[in-house]
Amino acid sequence: MTEPAISIRNLVRRRPDGAPLLQGVDLEVDAGRWISIFGPSGGGKTTLLSILGGLDGGFEGRVHVLGRDLGLAGDDARTEMRRADVGFVFQSFHLLEDLSVRENVQVPLWFSKAPEPEAAVRRVVEQVGLGSRLEAKVRGLSGGERQRVAVARALVHGPRLLLADEPTGNLDDDTAAQVLDRFEALRTDRPELTIVMVTHDPHVADRSDQTWLLDEGRLRPRDEVVSKELES
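This text gives an overview of the structure that appears in the document.

Scoring rules and cut-offs
Residues numbered from 1 in each chain as written. Predicted model: local features only at pLDDT ≥ 70, side-chain atom pairs only at ≥ 80, totals over all residues. Heavy atoms only, no water. Helix = DSSP H or I, 4+ residues; strand = E, 2+ residues; numbered from the N terminus. Rg over C-alpha atoms; globule rule 2.2 N^0.38 Å. Buried < 20%, exposed > 50% of the residue type's maximum accessible area, 1.4 Å probe, protein only. Contact = heavy atoms within 4.5 Å. Areas by Shrake-Rupley, 256 points an atom, 1.4 Å probe, with all protein chains shown as cover. Lys, Arg positive; Asp, Glu negative; His and termini not counted. Charge placed at Lys NZ, Arg CZ, Asp CG, Glu CD. Phe/Tyr/Trp six-rings, centres within 6.5 Å; stacked < 30°, edge-to-face > 60°. Pairing = 2+ DSSP bridges.

This brings us to the overall build of the protein chain. Secondary structure assignment for the protein chain yields eight helices and 10 strands. Compactness check: the protein chain gives a C-alpha radius of gyration of 18 Å against a globular reference of 17 Å for 232 residues, within 12% of the reference. Taken over the C-alpha atoms alone, the protein chain extends approximately 55 × 40 × 40 Å along its principal axes. Counting all 232 residues of the protein chain, 49% fall into the buried class. At a minimum sequence separation of 6, the contacts of the protein chain that also span at least 24 residues come to 72%. In the form shown here, the protein chain has an accessible surface area of approximately 11400 Å², with 46% of it arising from carbon and sulfur atoms. Distance between charge centroids for the protein chain: 4 Å, based on 30 positive and 38 negative side chains.

A few words on the packing of aromatic side chains. Scanning the entire structure with this criterion turns up two aromatic pairs. Each ring, one from Phe-88 and one from Phe-90, has its centre 6.0 Å from the other, and the planes form 5°; the classification is stacked. Given a relative accessible area of 18%, Phe-88 falls into the buried group. Exposure remark for Phe-90: the relative accessible area of 29% places this residue in the partly exposed category.

This part is about the pairing of strand 2 (residues 20-29). In this structure, strand 1 (residues 6-14) lies alongside strand 2, joined through six bridges in antiparallel fashion. Counterpart to Ile-6 in the pairing with strand 2 is Val-29. Adjacent in sequence and paired antiparallel, strand 1 and strand 2 are bridged by five residues, among which Gly-18 carries a positive phi angle near 95°.

Although it is not a glycine, Glu-166 sits at a positive phi angle of roughly 50°. Positive phi, normally seen in glycine, also occurs at Glu-216, with a value near 55°.

Structure (structure tokens):
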């Protein structure tokens, strides 16, 4: 039996005052799946994403990501996981405005031993539909183009897990749809890639294979929540 890309059991993450932010979270995601975690602001979505990406180690419970037990992994081991196997896409892009598309996408390769970095950059920029903009300065790009550059940067080192934190939050509806279309296309190019996206927009969440609702620190399948609401 193939090991899931993500396996979480009874995850608890506490606030500084000791109150639980995440309460007994269970989650299992098979490799190659795209899931969305939907819910209101302040409900713990970004915290959960940070734990999955090895950015936050201050939790209780069992968290296995890509075969690694993050509860036992130290800072160095979590850093190595991010460099090798995890890509991040953020709402605010976090691009270097005065550099070109090519230079921005190259940044993760400064810290890796990836062969043929120029070929890897060109390939991933073409995958997100910006092959003709390779040498364009980021400051002259539209919001949707910037987000696609951010996606290319997250993928250039060949990660097995893509974590996207409100990737359409700063985009209008049409541009957001275009970015999500690129996520769909990536699944054809990289069928082994697992995507976890957090969003407060139910329409964005509906583009994924499965949606989970995270509210008041508790995670439940969205279909289960809707079913219970219809029955009540």
